[in-house]
Amino acid sequence: MSTIPGPTPAELEAAREVVSRVAEVTPMESSRYLAELLGFPVHMKCENLQRTGSYKIRGAYNRISALTEEERARGVVAASAGNHAQGVALAARELGIGATIFMPKGVPLPKLQATRNYGAQVRLDGHSVEELLRAAAEYAEQTGAIFIPPFDHAAVIAGQGTLGLEIFDQVPETETIIVPIGGGGLISGVAAAAKHRAAAEGREIRVIGVQAANSAPYPVSLEAGEVTTIKTSPTIADGIAVARPGALNFEIIKELVDEVVTVTEDDIARALVVLLERAKLVVEPAGAVGVAAILAGHVRATGPTVVILSGGNIDPMLMQTVVSHGLVASDRYLTLSIPLPDRPGQLARISELIAHANANVIEVLHTRHGSGLQIGQVELKISVETRGSEHRDLVLDTLREAGYEPRIGDAEARR
């Protein structure tokens, strides 16, 4: 590759000097569990522990720092579901600049409060990233405020690329980097840093991007050879939910990124549980997609691997839901509906059988009003904690061998 698109080594180093004024050098944690799955050492770059809870402060601060005095006086405007909002708000505050942020209606309260606490004026408008971007662009045109894009700008890309420089400072032998992708700002900068490093050292470094399957415009665009807008579906990974790649980002990614894979909602939920249990790390769904790709077997690494945990801003209510979903996806939480004869002792009998299978009952509902019940029947809805697929099957087999007909809950049946 004669020419590497994106920020040059000099531009990346200049961005590092600027970004270091506000961003932390985040920890690099190793994971024996993921290493056993992948077959190579795995390290996690913990941008979930960054100021504002994500890497976004890097690109936002690098871009806003480059504004002239006249531009600073006009203020800045941005659109974001949360992480870019907080990055712009903090960067503007640190530089003494007014900031207006467009956030979606129904934005989680912690993200809204954090953005306001950094001093920004928040306007709630629309539901999708595209709607917010249009509203912010209109505001910029009407007021003269400088629009700070979330990913599609050279200074933003260079700022995010400083994370790539840190990766090689901390793990010089890195051969594979796994990066979450939304619009493409983070992976554009990291891929440029990685490929410059590879060229300087005369070796190969693989960069793998990961998108949520419900919102994945990059595989479609790369196959088409041009930026393509897709119809998205709801995803828990709202931080990377975009319908269209960034134009500048796409040109870099199509040249520098070796592979883009997708992960399901179940994959992402499972990854959050693994990160909580195994690494003791709180990571938002968008930040966990790289780990999800490893767990799902979608990553073909070639040596020491770094997976970027891009953010940790997760609403506690969503965390509760996602963890429950992740336990189901890992076959560690089983919800059953069991038709029973309406006579004494049946509930005790079911409990005895489940105990015999060494499973733990979490919740029980005993009702005569279930759909499809015969006269003289009741329905037992029971939630059970299991240890994985084999134990889950043992519980079901134990009940069936005793003559019962357990029906698996809807969420599990769909899997």
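Residues numbered from 1 in each chain as written. Predicted model: local features only at pLDDT ≥ 70, side-chain atom pairs only at ≥ 80, totals over all residues. Heavy atoms only, no water.

I tried to follow the overall build of the protein chain on my own but got confused; where do I start?
Along the protein chain, the regular secondary structure elements total 17 helices and 14 strands. The C-alpha atoms of the protein chain give a radius of gyration of 24 Å, which matches the 22 Å a tight globule of 415 residues would have. For the C-alpha atoms alone, the extent of the protein chain along its principal axes is close to 80 × 50 × 40 Å. Counting every position in the protein chain, which comprises 415 residues, the buried fraction comes to 55%. Summarising the internal contacts of the protein chain: among those between residues at least 6 apart in sequence, 73% fall at separations of at least 24. Looking at the protein chain as shown, the accessible area adds up to about 18000 Å², and 49% of this sits on carbon and sulfur atoms. Between the averaged position of the 38 positive side-chain charges in the protein chain and that of its 49 negative side-chain charges there is a distance of 3 Å. (Helix = DSSP H or I, 4+ residues; strand = E, 2+ residues; numbered from the N terminus. Rg over C-alpha atoms; globule rule 2.2 N^0.38 Å. Buried < 20%, exposed > 50% of the residue type's maximum accessible area, 1.4 Å probe, protein only. Contact = heavy atoms within 4.5 Å. Areas by Shrake-Rupley, 256 points an atom, 1.4 Å probe, with all protein chains shown as cover. Lys, Arg positive; Asp, Glu negative; His and termini not counted. Charge placed at Lys NZ, Arg CZ, Asp CG, Glu CD.)

Can you walk me through the pattern of salt bridges in this structure?
As a working rule, side chains carrying opposite charge can pair if their charged atoms are close by. Taken as a whole and judged by the stated rule, the model has 21 salt bridges. For the salt bridge of E94 with R93, the shortest nitrogen-to-oxygen distance reads 3.3 Å. Residue class for R93 comes out partly exposed when judged on its relative accessible area of 42%. Measuring nitrogen to oxygen at the nearest pair gives 3.1 Å for the salt bridge that ties E251 to K254. You can see E251 and its partner K254 sitting in helix α11 (residues 247-256), three residues apart, about one turn around the helix. Note on E251: relative accessible area 39%, which makes it partly exposed. Because the salt bridges share partners, they merge into one network encompassing K45, E47, R58 and E166. (Salt bridge = Lys/Arg side-chain N within 4 Å of Asp/Glu carboxyl O.)

Looking at this structure, I do not really get unusual backbone geometry. What am I missing?
Backbone phi values are negative for most residues with the exception of glycine, while trans is the configuration of most peptide bonds. Here the phi dihedral of T52 falls at roughly 70°; this positive angle occurs in a residue that is not glycine. Take T52: it is sitting in the loop between β2 (42-46) and α3 (56-65). Judged by its relative accessible area of 8%, T52 falls in the buried class. Even without glycine at this site, K280 takes up a positive phi of about 60°. Counting through the fold element by element, K280 comes out in the loop between α12 (265-279) and α13 (289-295). Relative accessible area serves as the criterion here: at 63%, K280 is assigned to the exposed category.

So what exactly am I meant to see when it comes to the sheet that holds strand β4 (residues 99-103) here?
As a general point, the strands of a sheet are linked pairwise by backbone hydrogen bonds and lie either parallel or antiparallel. Here four strands make up an open sheet; going across it, the order is β5-β4-β3-β6 and the pairing parallel. At either end of the open sheet lies a strand with only one pairing partner, and these are β5 (121-124) and β6 (146-147). Bridge count for β4 against β5 is four bridges, and the pairing is parallel. When the bridges of β5 are listed, F102 appears paired with R123. In the packing of helix α5 (residues 83-94) onto the sheet, the strands contacted are β3 (76-79) and β4, and the crossing angle to β3 comes to about 165°. (Pairing = 2+ DSSP bridges. Axes fitted to C-alpha atoms, helices over the stretch in contact; angles between N-to-C directions.)

Help me understand a nonpolar patch on the surface, please; the structure alone is not making it clear to me.
Taken together, L347, V361 and V364 make up a surface patch of nonpolar side chains, about 200 Å² in accessible area. Tracing the sequence through the fold places L347 in helix α15 (residues 346-356). (Patch = residues over 30% accessible without salt bridge, like charges linked within 9 Å, V, L, I, M, F, W, Y side chains within 5 Å.)

Explanation requested: the nonpolar core in the structure shown.
As a rule of thumb, nonpolar side chains are buried together in soluble globular proteins. Judged by nonpolar contacts, the single largest core of 35 residues is most densely connected at I268, V299 and L309. Only α2 (32-38), β2, β8 (206-212), β9 (259-263), α12, α13, β10 (305-309) and α14 (316-329) provide two or more residues apiece to this core. If you look at the next biggest cluster of nonpolar residues, it comprises 30 residues, including I64, L67, L112 and Y118. (Core = buried A, V, L, I, M, F, W, Y, C linked by side-chain atoms within 4.5 Å.)

Would you mind showing me how to read the environment of A99 here?
As for its position among the elements, A99 is in strand β4. C-alpha separation for the pair A99 and H196, spaced 97 residues apart in sequence, amounts to 34 Å. When near neighbours in sequence (up to four residues on either side) are disregarded, A99 contacts V76, A92, A120 and Q121.

What am I meant to see in α11 here?
Think of an α-helix as 3.6 residues a turn; residues three or four steps apart then line up on the same face. For α11, the set of buried residues is N249, F250, I252, I253 and L256. As for α11, its buried residues are in contact with α8 (154-170), α9 (185-201), β8 and α10 (217-224).

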